[in-house]
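# Summary of structural features
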Amino acid sequence: MLEHVIGPNDKFVKRKSKIRRLEDHARFGLRDALLTRLEDDDPSMNELRAIIYRNVLRAIIAGEVMDKNPHDSVNEVVDLMMHRLRLFDSAPLIGIRRKSTAEMWLVDRLQPLLLDGARQYGAPDIVIQNGSRLCLVRLAMELPSRAPNKAGELELGSMLLWAERNPMIQATVDDIDVVRVGWLGTRWVKWSKKATNEWAAQARSMIAMDIEAMAHLMIFDGSLDDLPRSRSIWRCARCAFNDECPGVEVRGQRRGQKRRQQDPLLV
């Protein structure tokens with residue numbers, strides 16, 4: 001909220017919005033390493049480890065890590081990501097890639113789509129032509145559940161809008177599968193769903209509403225209390241703006257009230 005509303009051009013906001021937990025930066029490095037592995041036929045494990053390690057070290061040097069004494073945990077988080085990377089060979093996505101009829105190409109996720117006058121980033125990470133089916137694949141380095149919630153499903157549908165406007169994509173909606181491959185607990189899992197025109201229309205409507213909501217938020221009068229806040233504590237757990245956000249105190253009070261209701265002996 002504070003990152004986008006107070007001002008993306010504010011130097012303090014831009015710097016603080018990059019602050020994450022050490023594991024988050026390691027996951028960014030894991031994603032780069034996975035894409036390198038898919039693009040390169042035979043990268044060594046040392047090369048892939050170096051990609052993750054450099055990403056973590058760069059974040060520490062730049063002051064973008066909120067953990068205390070992050071240097072003590074570098075090898076631990078890098079080893080954790082390397083474990084996930086090794087298991088990627090057994091991920092459902094790799095099974096598709098090994099089929100002789102499959103063609104695969106990587107996509108720059110920062111490739112924008114112009115929608116209703118605004119830049120929207122909905123590109124897949126990977127496009128796979130698997131026989132007559134075209135798979136739009138999004139990689140997720142951490143998942144809360146195997147299947148996305150309704151909002152997450154609509155967000156994945158934004159890949160359909162990207163495909164509609166990409167002149168290289170000749171497939172119709174009926175021939176497209178939307179796929180998410182991500183790490184869940186101890187393994188890589190896949191969720192997929194056949195595309196429909198209705199799904200694409202719903203994703204377009206969601207994005208239009210997001211653009212409208214952001215336009216309203218940009219008319220900021222300086223009162224943080226008037227801005228909408230997340231109701232989910234987990235969404236804010238890794239946020240660097242907790243010191244400035246009034247929602248943190250409100251959620252803390254609400255949590256205390258709930259505990260007192262559950263246990264009347266608490267004072």
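The preceding data block contains the structure.
Residues numbered from 1 in each chain as written. Predicted model: local features only at pLDDT ≥ 70, side-chain atom pairs only at ≥ 80, totals over all residues. Heavy atoms only, no water.

### Here we look at the packing of helix α4 (residues 45-61) against helix α5 (residues 74-87)
Relative orientation of the contacting elements α4 and α5 amounts to 140°, with a least axis distance of 10 Å. In terms of orientation, α4 and α5 fall into the oblique class. α4 and α5 meet at a crossing whose hand is right-handed. Residues Met45, Leu48, Arg49, Ile52, Tyr53, Val56 and Ile60 of α4 form the contact with α5, whose participating residues are Val74, Asn75, Val78, Asp79, Met81, Met82, Leu85 and Arg86. For the contact of α4 with α5, a count of residues per class yields 11 nonpolar, 1 polar and 3 charged. (Axes fitted to C-alpha atoms, helices over the stretch in contact; angles between N-to-C directions. Helix = DSSP H or I, 4+ residues; strand = E, 2+ residues; numbered from the N terminus. Parallel < 35°, antiparallel > 145°, perpendicular 65-115°, else oblique. Left-handed = near helix turned anticlockwise from the far one by under 90°. Contact = heavy atoms within 4.5 Å. Nonpolar A, V, L, I, M, F, W, Y, C, P; charged D, E, K, R; others polar.)

### Section: the pairing of strand β5 (residues 133-140)
In terms of residue burial, β5 counts as a mostly covered element, since 8 of its 8 residues are buried. Side chains Arg133, Cys135, Val137 and Leu139 project from β5 onto one buried face, and the interleaved Leu134, Leu136, Arg138 and Ala140 project onto a second face that is buried too. In terms of strand pairing, strand β4 (residues 126-130) meets β5 through 5 bridges, oriented antiparallel. Note on β5: the bridge partner recorded for Asn130 is Arg133. Connecting β4 to the next strand, β5, in antiparallel fashion are 2 residues, including Gly131 with a positive phi near 70°. (Buried < 20%, exposed > 50% of the residue type's maximum accessible area, 1.4 Å probe, protein only. Pairing = 2+ DSSP bridges.)

### A word on the packing of helix α3 (residues 22-39) against α5
Viewed as axis vectors pointing N to C, α3 and α5 meet at an angle of 35°, and their least axial separation amounts to 9 Å. The way α3 lies across α5 gives a crossing that is right-handed. Mapping the contact onto sequence places Leu22, Glu23, Ala26, Arg27, Leu30, Ala33, Leu34 and Arg37 in α3 and Val74, Val77, Leu80, Met81, Arg84, Leu85 and Arg86 in α5. Within the contact of α3 with α5, the residues separate by chemical class into 10 nonpolar, no polar and 5 charged.

### Re α5
Across its 14 residues, α5 extends 20 Å between first and last C-alpha, which sits within 8% of the 20 Å expected from 1.5 Å per residue. Taken together, the buried positions of α5 are occupied by Val74, Val77, Val78, Met81, Met82, Arg84 and Leu85. The buried side chains of α5 occupy one side of the element, clustering within an arc of 160° when seen end-on. (Expected span 1.5 Å × (residues − 1). Arc of directions from axis to C-beta.)

### Some details on the side chain of Asp125
Tracing the backbone shows Asp125 in the loop between β3 (118-120) and β4. Looking at Asp125, the relative accessible area reads 0%, which means it is buried. In this structure Asp125 touches Arg31, Trp105, Leu106, Val107, Arg109, Val137, Arg138 and Leu139, once residues within four positions along its chain are discounted.

### Here's the deal with the packing of aromatic side chains
Within this structure, the stated rule accounts for 3 aromatic pairs. Ring geometry for Trp183 and Trp188: centres 5.5 Å apart, planes at 75°, overall edge-to-face. According to the relative accessible area criterion, Trp183 is buried, its value standing at 2%. For Trp188, a relative accessible area of 7% gives the class buried. For the ring pair Trp191 and Trp199, a centre distance of 6.3 Å and an interplane angle of 85° mean the geometry is edge-to-face. Among the aromatic residues, those joined into a cluster by ring pairs are Phe88, Trp183 and Trp188. (Phe/Tyr/Trp six-rings, centres within 6.5 Å; stacked < 30°, edge-to-face > 60°.)

### Points about the pattern of salt bridges
Going through the model one piece at a time under the given rule, you end up with 14 salt bridges. Here Arg27 ties to Glu142 by a salt bridge, and the two come within 2.9 Å at their closest N and O atoms. Taken together, the positions of Arg27 in helix α3 and Glu142 in the loop between β5 and α7 (150-156) put the pair 115 residues apart, joining distant regions of the chain. Judged by its relative accessible area of 38%, Glu142 is partly exposed. Residue Asp125 pairs with Arg109 through a salt bridge whose shortest N-O separation is 2.6 Å. (Salt bridge = Lys/Arg side-chain N within 4 Å of Asp/Glu carboxyl O.)

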